[in-house]
Amino acid sequence: MSSSKALRQLQVASPVPADIDIAHSVEPLHISEIAKELNLSPDHYDLYGKYKAKVLLSVIDELEGSRDGYYVVVGGITPTPLGEGKSTTTVGLCQALGAFLDKKVVTCLRQPSQGPTFGIKGGAAGGGYSQVIPMDEFNLHLTGDIHAITAANNLLAAAIDTRIFHESTQSDRALLNRLCPPNKEGKRCFGDIMFRRLKKLGISKTRLEDLTPQEVKKFARLDIDPDSITWRRVMDVNDRFLRKITIGQGPEEKGMVRETGFDISVASEIMAVLALTTSLADMRERLGKMVIGNSKAGDPITADDLGVGGALTVLMKDAINPTLMQTLEGTPVLVHAGPFANIAHGNSSIVADKIALKLVGPGGFVVTEAGFGADIGTEKFMNIKCRYSGLTPQCAVIVATIRALKMHGGGPEVVAGKSLDRAYLTENVALVEAGCVNLARHILNTKAYSVNVVVAVNKFSTDTEAELNAVRNAALAAGAYDAVICTHHAHGGKGAVDLGISVQRACENVTQPLRFLYPLDIGIKEKIEAIAKSYGASGVEYSEQAEKQIEMYSRQGFSGLPICMAKTQYSFSHNASEKGAPSGFILPIRDVRASIGAGFIYPLVGTMSTMPGLPTRPCFYDIDLDTATGKVIGLS
């Protein structure tokens, strides 16, 4: 171990203290020391205080010719509402690889939203002795990326309503004159961004005075259909009362009232763009191509049509750089992006993974986490993220717990905030074995991508040897490369050494190239049905609205995009109460929407909320500041 890693050997306590107490018990290394471990020079990053830094994208260009390390994705079985420790396992695995197995390793994690942090779930820095620190900074403002997304999203929302307002009261020529005011020489010219719209319209003229009246109308009047607008305002707080609102009620808005609503910031398409972009230039193009709705003639209206794509990029120019942090044991972490895992693709950024793979080099490891169960997170990781990144994972880890498997085997309902039923705290091998049908389907689905699958059983203190052996046997019988019992929550990296060894072997023994679930050149419905089949569905049922949207997106030329299913994380099916491995059901598609800038079509399966609500007793009851020390207390 290097000297800096040696300084960070954990002194674990039993029983395991609260997460925030563990986080405060370890003094983080200055982030420049973590950067040095990765051979990053001060020119490669910008400091954000003592314990965080933004790694600059220039690192990718400088290391372009060097080879990548191994690429590992961590997914999970279908979870309980309490979560099964996917982030904790991701961190613990990396601590094992870096602090105990002497491998170069980088953990790539999503930035958590403040919604769940103050709501029902708590933070997402890992847990126990497998955490990212400083935990409070990780879970709160970090380096402001989510705030930048919020600002950019709401600038676009304001631009939409403002454009409708001004078009309603002005003639075509007046609109043109106001869009192109005289410059210092008194001459009216197109702004640089306007040439994007002219090109889209097939107008090759470069002087205003050469436009015909018909061309003036086409260029200046977007003629947005208010009923088609899909772009909503966002904020990074769970606020159910903003799900549906009415805007434009002020007297100055001249009766231009319409219904809209707020989403949580991580559900913004701009967050998905950040996660899927590959460069600053690519991000500029994606932001400009975002579709906010249609014209009354049925043509898509983009952010660049509104003239705002460049300004959005300016607001996002620092957010594109991943944030460097550290684990409790001093291994490096890149935190970047956090797209909603139900609605968007739920994976951290491509640029963070690309930087990390170059930094660890051959024989090193990059471990990234996919949101929710493997049916949502890992599927989207493979079919969306890997398509755009061109990266190929060698190993997929599936995190399982005895608790979740008992639930899938027919155990009582698990409810956040309520004590666990006795069935989850006492030995019941039969219940575990019955629930392993869920694990088996996740293994089968994940193996279909031609990666080796390692099952990590996140051990709780109430789990028995017989229950753990039942899971291991079921995993191997289902085709897992290996199944390992892990105690990283209680012991840090030391408790995941066997998992690290297994993951290394799995990466070294991949024999086939990555295989996608579906090709892009088939229709939208065919792609939806391929994914539905992997869930166990026997068919798909489309609402009238879904049929209409599929027809429209196909006509507009968007049918070649991958599919991002928006569905419950609590079941393979659309029904959250259907546990285990349901099959033979008909998957209902309520609506189909598109994130054109991010680059995917997202069908809505059943009822999905893009703005969570607060429970009766939110996490914020426990969160406070010790005014004597300045430390955050009660964060979980």
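Nothing here was measured: the structure is a model prediction, and the numbers come from that model. (Residues numbered from 1 in each chain as written. Predicted model: local features only at pLDDT ≥ 70, side-chain atom pairs only at ≥ 80, totals over all residues. Heavy atoms only, no water.)

## A look at the overall build of the protein
Filter applied, for reference: Secondary structure is summarised from DSSP: a helix means a run of H or I of at least four residues, a strand means a run of E of at least two, and numbering begins at the N terminus for each. Categorising residues by exposure relies on relative accessible area from a 1.4 Å probe, with only protein chains included: less than 20% of the type maximum marks a residue as buried, more than 50% marks it as exposed, and the intermediate range marks it as partly exposed. The contact definition used throughout considers only heavy atoms, calling two residues in contact when any of these lie within 4.5 Å. For the accessible areas, the method is Shrake-Rupley and the probe is 1.4 Å, while residue cover comes only from the protein chains on display. Just so you know, the count uses Lys and Arg for positive and Asp and Glu for negative, and it drops His and the chain ends. By convention, charge coordinates are those of NZ in Lys, CZ in Arg, CG in Asp, or CD in Glu.
Tallying secondary structure elements over the protein gives 23 helices and 23 strands in all. Seen along its three principal axes, the alpha-carbon backbone of the protein occupies a region of about 80 × 55 × 50 Å. The buried share among the 636 residues of the protein stands at 57%. Taking contacts inside the protein between residues at least 6 apart in sequence as the whole, the part at least 24 apart equals 75%. Split by element, the accessible area of the protein, about 25,100 Å² in all, is 52% carbon and sulfur. Within the protein, one finds 66 positive and 67 negative side-chain charges whose respective centroids are separated by 3 Å.

## Looking at the sheet that holds strand β21 (residues 600-605)
Counted only if it meets this: At least two bridges found by DSSP between two strands are what make those strands a pair. Between the N-to-C directions of two axes lies an angle of 0 to 180 degrees, each axis being a line fitted to C-alpha atoms and, for a helix, fitted only over the stretch in contact.
Judged by pairing direction, the sheet is mixed, and its three strands sit side by side in the order β19-β20-β21 without closing on themselves. For this open sheet the edge positions go to β19 (539-542) and β21, each flanked by a neighbour on one side alone. Strand-to-strand twist of the sheet, defined as the mean angle between neighbouring strand axes without regard to direction, takes the value 50°. In this fold helix α22 (residues 524-535) packs onto β19, β20 (586-595) and β21, with an angle of close to 130° to the strand it touches most, β19. Across the face of the sheet, helix α23 (residues 544-555) comes into contact with β19, β20 and β21 while running at roughly 40° to β20.

## Let's talk about the nonpolar core
Selection rule: Working definition of a nonpolar core: buried Ala, Val, Leu, Ile, Met, Phe, Trp, Tyr and Cys residues. They are joined through side-chain atoms within 4.5 Å.
Counting residues in hydrophobic clusters, the biggest one holds 87 residues, and the most contacted among them are Leu156 and Met316. Not counting residues up to four positions away in its chain, the partners in contact with Leu156 are Trp231, Met290, Ile292, Ala303, Leu306, Val308 and Leu312. In terms of nonpolar packing, the next biggest core, distinct from the first, is built from 26 residues, Ile524, Ala537, Val540 and Tyr553 among them.

## Topic: helix α19 (residues 465-477)
Condition: By this rule the span expected of a helix is its residue count minus one, scaled by 1.5 Å. Think of it as the arc spanned by the lines of direction from the helix axis to the C-beta atoms.
In this model α19 runs 18 Å from its N-terminal to its C-terminal C-alpha over 13 residues, within 8% of the 18 Å that 1.5 Å per residue would give. Where α19 is concerned, the buried positions are Glu467, Leu468, Ala470, Val471 and Ala475. Projection of α19 onto a plane perpendicular to its axis shows the buried side chains occupying an angular sector of 155°, all on one side. In α19, the exposed residues that point more than 90 degrees away from the buried face are Glu465, Asn473 and Ala477.

## Looking at the side chain of Lys527
The test is simple: When a carboxyl oxygen of Asp or Glu lies within 4 Å of a side-chain nitrogen of Lys or Arg, that pair is called a salt bridge.
Along the chain, Lys527 falls in helix α22. This buried residue, Lys527, is left without a salt bridge; Asp521 holds the nearest opposite charge, at 7.5 Å. Here Lys527 is in contact with Tyr518, Pro519, Leu520, Ile522, Ser559, Gly560, Leu561 and Ile563, once residues within four sequence places are set aside.

## A closer look at the packing of helix α12 (residues 269-276) against helix α13 (residues 280-289)
This is how it is decided: An angle below 35 degrees is read as roughly parallel, one above 145 as roughly antiparallel, one from 65 to 115 as roughly perpendicular, and any other as oblique. Definitions for this section: a left-handed crossing has its near helix turned counterclockwise from the far helix by less than a right angle. A right-handed crossing has that turn clockwise. For this classification, Asp, Glu, Lys and Arg are treated as charged, while Ala, Val, Leu, Ile, Met, Phe, Trp, Tyr, Cys and Pro are nonpolar and the rest, including Gly, are polar.
At their nearest, the axes of α12 and α13 sit 10 Å apart, and the two run at 155° to each other. What the angle tells us is that α12 and α13 run roughly antiparallel. Relative to α13, the crossing made by α12 is right-handed. From α12, Ile270, Val273, Leu274 and Leu276 reach across to α13, where they touch Asp282, Met283, Arg286 and Leu287. Here the residues of the contact of α12 with α13 are counted per class, giving six nonpolar, no polar and two charged.

## Some thoughts on the packing of aromatic side chains
Convention followed: Stacked, tilted and edge-to-face are the three classes applied to pairs of Phe, Tyr and Trp rings, where Trp contributes its six-membered ring and a pair requires centres within 6.5 Å; stacked means planes under 30 degrees apart, edge-to-face means over 60, and tilted covers the rest. We count a charge as sitting over a ring when the NZ of a lysine or the CZ of an arginine lies within 6 Å of the ring centre and within 35 degrees of the ring normal.
Going through the model one piece at a time under the given rule, you end up with six aromatic pairs. Relative to Phe219, the ring of Phe190 lies with its centre 5.3 Å away and its plane at 75°, an arrangement referred to as edge-to-face. Residue Phe190 is located in the loop between α9 (172-179) and α10 (194-200), and its partner Phe219 is located in helix α11 (residues 213-220); the two are separated by 29 residues in the primary sequence. Side by side, Phe190 and Phe219 carry an identical accessibility label, which is buried. Judged by centre distance (5.6 Å) and plane angle (10°), the rings of Phe620 and Tyr621 are stacked. Since its relative accessible area comes to 39%, Phe620 is described here as partly exposed. Residue Tyr621 is classed as exposed on the basis of its relative accessible area, which comes to 53%. A cation over an aromatic ring shows up here: Lys567 above the ring of Tyr535, its NZ or CZ 4.7 Å from the ring centre.

## Re the domain arrangement of the protein
Reports of interface size often rely on the accessible area that becomes lost once the parts have come together. Quick note on the threshold: Note that the domain bounds reflect an automated or database-derived domain assignment. Note on terms: buried area is the combined drop in 1.4 Å-probe accessible area of two parts once they are placed together, counting the loss on both. N or O atoms closer than or at 3.5 Å make up a polar contact, with two conditions inside protein: a donor-capable atom paired with an acceptor-capable one, and, for residues adjacent in sequence, both atoms drawn from side chains.
Its domain assignment divides the protein into domain 1 (19-143 + 318-509), domain 2 (146-302) and domain 3 (524-604). Put simply, the middle of domain 2 and the middle of domain 3, counted by C-alpha atoms, are 28 Å apart. Contacts between domain 2 and domain 3 engage 12 residues on the former and 11 residues on the latter. For the pair domain 2 and domain 3, the summed buried area comes to about 810 Å², and 55% of that belongs to carbon and sulfur atoms. Across the domain 2-domain 3 interface, the total number found is zero salt bridges. In this assembly, domain 2 and domain 3 are joined by seven residue pairs in polar contact (both at pLDDT 80 or more). Looking at the side of domain 2 that touches domain 3, the elements that each hand over two or more residues are α12, α13 and β11 (291-294). By residue number, the principal contributor to the side of domain 2 that touches domain 3 is α12, which donates four residues. Of the residues contributing to the side of domain 2 that touches domain 3, the split by class is six nonpolar, two polar and four charged.

## Notes on helix α16 (residues 377-389)
Structurally, the α-helix is built with 3.6 residues per turn, so residues lying three or four positions apart point the same way. Counting buried positions along α16 yields 11 of 13 residues, so the element is predominantly enclosed. Every buried residue belonging to α16 is among Gly377, Thr378, Glu379, Lys380, Phe381, Met382, Asn383, Ile384, Lys385, Cys386 and Ser389, and all of these are buried. Among the residues trailing α16, Gly390 stands out with phi positive, at a value near 75°.

## Some details on unusual backbone geometry
Omega for the bond connecting Ser14 with Pro15 falls within 30 degrees of zero, at 0°, which places this linkage in the cis form. Tracing the backbone through its elements, the reader meets Pro15 in the loop between α1 (3-6) and α2 (19-25). Residue Pro134 is reached from Ile133 by a cis peptide bond, and omega for that bond is -5°. Note that Pro134 resides in the loop between β6 (130-133) and α7 (135-139). The phi torsion at Leu142 lies on the positive side, around 50°, for a residue other than glycine. By the element assignment, Leu142 lies in the loop between α7 and α8 (145-167). Judged by its relative accessible area of 10%, Leu142 is buried. Even without glycine at this site, Ser450 takes up a positive phi of about 70°. Along the chain, the position of Ser450 falls in the loop between α18 (429-447) and β17 (452-458).

## Brief notes about the packing of α18 against α19
When two helices pack together, their arrangement is given by the angle between the helix axes and by the axis-to-axis distance. Put simply, α18 and α19 touch, their axes get as near as 9 Å, and they point 30° apart. Here α19 runs roughly parallel to α18, going by the angle between their axes. In the crossing of α18 with α19, the sense of the turn from one axis to the other is right-handed. From α18, Val429, Val432, Glu433, Cys436, Leu439 and Ile443 reach across to α19, where they touch Ala466, Glu467, Ala470, Val471, Ala474 and Ala475. Tallied by class, residues from the contact of α18 with α19 come to 10 nonpolar, no polar and two charged.

## Let's talk about a nonpolar patch on the surface
Here is the rule we go by: Note on patches: the residues involved have over 30% relative accessible area and no salt bridge, like charges join within 9 Å, and the nonpolar side chains Val, Leu, Ile, Met, Phe, Trp and Tyr join within 5 Å.
On the surface, Leu614, Phe620 and Tyr621 cluster together into a nonpolar patch covering about 300 Å² of accessible area. Mapped onto the elements, Leu614 comes out in the loop between β21 and β22 (624-626). Leu614 gets classed as partly exposed once you look at its relative accessible area, which sits at 32%.

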